[in-house]
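Below are the chains, spelled out letter by letter.
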Amino acid sequence: MRRENEFRYLKLANILREQIHSGFIKPGEFLLSENELCKHYGMSRTSVRKSLDQLLMENLIVKKVGQGTIVSPDVVVESSPHKVLRIFATSPSYFYDFCMPLLIEAFRVSNPNVEVKCMSFSAGDFWESVNTSMDLGLHPDLILVSDRQFGDTDNLEQFMDLQDKLSGSQEGIYPILWQPFSDSGRLKALPVTFSTVYLAYNPELFKRYGVTEPSPSWTQDDFLDAAGQLTMDLNGDGINDLYGLSLSSSLSRWPVIALQNGVNFKEVDSTEPILNTLKFLHDLLYKRRTAILSTVHAPDSESFKQEKAAMVLTTTIELAGWKHQTMSFTPKIAPLPFGKQKQTMLIANVLMLPNSSEEPELALQFLQTAVSPEVQQRLSATTGFISVRKPINEAIWSQPGLESLQIYDNTIENSRFLHEIFDDANLVDELESEMTLFWAGIESASELAERMKLILTKA
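Residues numbered from 1 in each chain as written. Predicted model: local features only at pLDDT ≥ 70, side-chain atom pairs only at ≥ 80, totals over all residues. Heavy atoms only, no water.

The protein is annotated in an unreviewed UniProt entry as Extracellular solute-binding protein of Paenibacillus mendelii.

Next comes the structure, spelled out in structure tokens:
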């Protein structure tokens, strides 16, 4: 955790340093207050202060008692002979941290005189932060967001239609990745990586406790049996410290179980499929007690990474990020066993090109570079992220692996992004809020099922 906090404060120092050197914040002008910086970048006051202390040591800022912090009047902003391509990105983001450097490196091969500058903003207030920066005069040429943030976009009209501009770049890319990011036939975002939501497991724990590993034909009963065997009190204090499953309350994870059991969140004719799903979740958490819950805002499971849970619903994007951290085991992929429907959810990282871009041609070149076969091949082979190009995945991944990911052949056609499952982003926030008591174990599945039906049919 200490390394992560250090990384965050250095990232903020880099962002503010770039704003100063680029002239975005001019000599003598005030920076945002500490409170505003905390909110704007989603950081603690301690991290913000450490960032400012770093800039103070570099003589880039001056603290004025009782007034705030200004850019040092002695700072000289030098004009660069190079063109600048500005990219705004959401944070935290495994793709931004581990893949963006690869894309920038490939882009610079054909554009050596272009300087790529990246700024990241907290996921919680991302679009507000982007709009604030644009209002202040700093316009991005590209914006990197998750599929969920794409669904939160208020006005798609402010982004270019990429359909014709990227003609020829689409060949080999899964068609299902294009339509969800289109608006009235106009492509508003380009997916650069994606993943299904799948079940990962720790083979070392299965082996250590003599539990049979998942097979291609394993069933829900097999899953429940394995989860039960892998839930135990290891130190004899009467409290379980190993669980079969790490379960997230985020709507970007658990609806996979609902989809596999035939739930259609857009057409709720009966509460039975939803009720069955909610009962299953409650049974795992509070009757069988074979699952441990992670919060809405932390879908990636620390308990799984720390070998406190044997299985987790996750994505290759998360898994690739975990592999860059300290893990004592290599996770494997298990087929989803929750129901008869071969469905799951999709997530993606996408790039959007604002109409206000000052370098639209360079931005388009960056997009073409990002999805080129050569770059996608390298990205997938070296980082573990899934390529948006079907032939590359079929060359790198085994058939059983692709089948477990549910992207083999045409099975991916049954998968959906969150903003396809729920048309209204506000509905996602409302449902997550409405489920608080249910996840705490003090509201029954039947009570929530009835309320969810009312919310969904009203929507």
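Asks: Mind laying out the overall build of the protein, listing which residues take part and the relevant values?
Replies: On a plain count of helices and strands, the protein comes out with 21 helices and 15 strands. Here the C-alpha atoms of the protein give a radius of gyration of 23 Å, agreeing with the 23 Å that 2.2 N^0.38 yields for 459 residues. With the principal axes as the frame, the protein shows a C-alpha extent of 70 × 55 × 45 Å. Intrachain contacts of the protein at a sequence separation of at least 6 include 75% that bridge at least 24 residues. Carbon and sulfur atoms provide 47% of the accessible area of the protein, an area that totals close to 20900 Å². Where the 41 positive side-chain charges of the protein centre and where its 59 negative ones centre are 4 Å apart. (Helix = DSSP H or I, 4+ residues; strand = E, 2+ residues; numbered from the N terminus. Rg over C-alpha atoms; globule rule 2.2 N^0.38 Å. Contact = heavy atoms within 4.5 Å. Areas by Shrake-Rupley, 256 points an atom, 1.4 Å probe, with all protein chains shown as cover. Lys, Arg positive; Asp, Glu negative; His and termini not counted. Charge placed at Lys NZ, Arg CZ, Asp CG, Glu CD.)

Asks: Can you tell me about the confidence of the model for the protein, naming the residues and giving the values?
Replies: Predicted confidence across the protein gives a mean pLDDT of 88, with 96% of residues reaching 70 or more. Per-element mean pLDDT across the protein ranges from 68 in helix 1 (residues 2-21) up to 97 in helix 8 (residues 203-208). Here residues 1-6 scores under 50 on pLDDT; set against residues more than four positions off or in separate chains, the count is two contacts. (pLDDT = per-residue confidence, 0-100.)

Asks: Please set out the packing of aromatic side chains residue by residue, giving values where relevant.
Replies: A ring pair, where both rings are aromatic, is described by two values, the distance of the centres and the angle of the planes. Here the structure, examined in full by the defined rule, presents 21 aromatic pairs. Geometrically, the ring pair formed by Tyr 94 and Phe 98 is stacked, given 6.3 Å between the ring centres and 15 degrees between the ring planes. One end of the pair, Tyr 94, and the other, Phe 98, are both in helix 4 (residues 94-98), four residues apart, so they sit about a helical turn from each other. According to the relative accessible area criterion, Phe 98 is partly exposed, its value standing at 26%. Between Phe 304 and Phe 329 the ring centres are 5.4 Å apart and the planes differ by 85 degrees, which places this aromatic pair in the edge-to-face class. Taken as a pair, Phe 304 in helix 12 (residues 302-305) and Phe 329 in the loop between helix 13 (316-323) and strand 13 (332-334) lie far apart in primary sequence, 25 residues in all. The same class applies to Phe 304 as to Phe 329, namely buried. In textbook terms, an aromatic cluster arises when at least three aromatic residues are bridged by ring pairs, as seen for Phe 88, Phe 121, Phe 126, Trp 127 and Phe 159. (Phe/Tyr/Trp six-rings, centres within 6.5 Å; stacked < 30°, edge-to-face > 60°. Buried < 20%, exposed > 50% of the residue type's maximum accessible area, 1.4 Å probe, protein only.)

Asks: I'd like a description of the side chain of His 419, backed by residues and values.
Replies: Position of His 419 among the secondary structure elements: in helix 18 (residues 418-421). With relative accessibility at 17%, the residue His 419 sits in the buried group. Polar contacts involving the side chain of His 419 include one to the main-chain carbonyl oxygen of Pro 180, which spans 2.8 Å. If we ignore the near neighbours within four places in the chain, the residues touching His 419 are Asp 147, Phe 150, Gly 151, Pro 180 and Phe 181. (Polar contact = N/O pair within 3.5 Å; in protein donor to acceptor, adjacent residues only side chain to side chain.)

Asks: Go over the sheet that holds strand 11 (residues 291-294) with me, naming the residues and quoting the values.
Replies: If you walk across this open sheet you meet the five strands as 11-10-12-9-13, and the pairing is mixed. The open sheet has two edge strands, strand 11 and strand 13, and neither has a second partner. Averaged over neighbouring strand pairs, the angle between their axes works out to 30 degrees when direction is ignored. With four bridges joining them, strand 10 (residues 243-248) and strand 11 adopt parallel strand pairing. By the bridge assignment, Ser 246 is partnered in strand 11 with Ile 292. The strands touched by helix 13 within the sheet are strand 9 (198-201) and strand 12 (309-314), with strand 12 carrying the most contacts at an inclination of about 130 degrees. (Pairing = 2+ DSSP bridges. Axes fitted to C-alpha atoms, helices over the stretch in contact; angles between N-to-C directions.)

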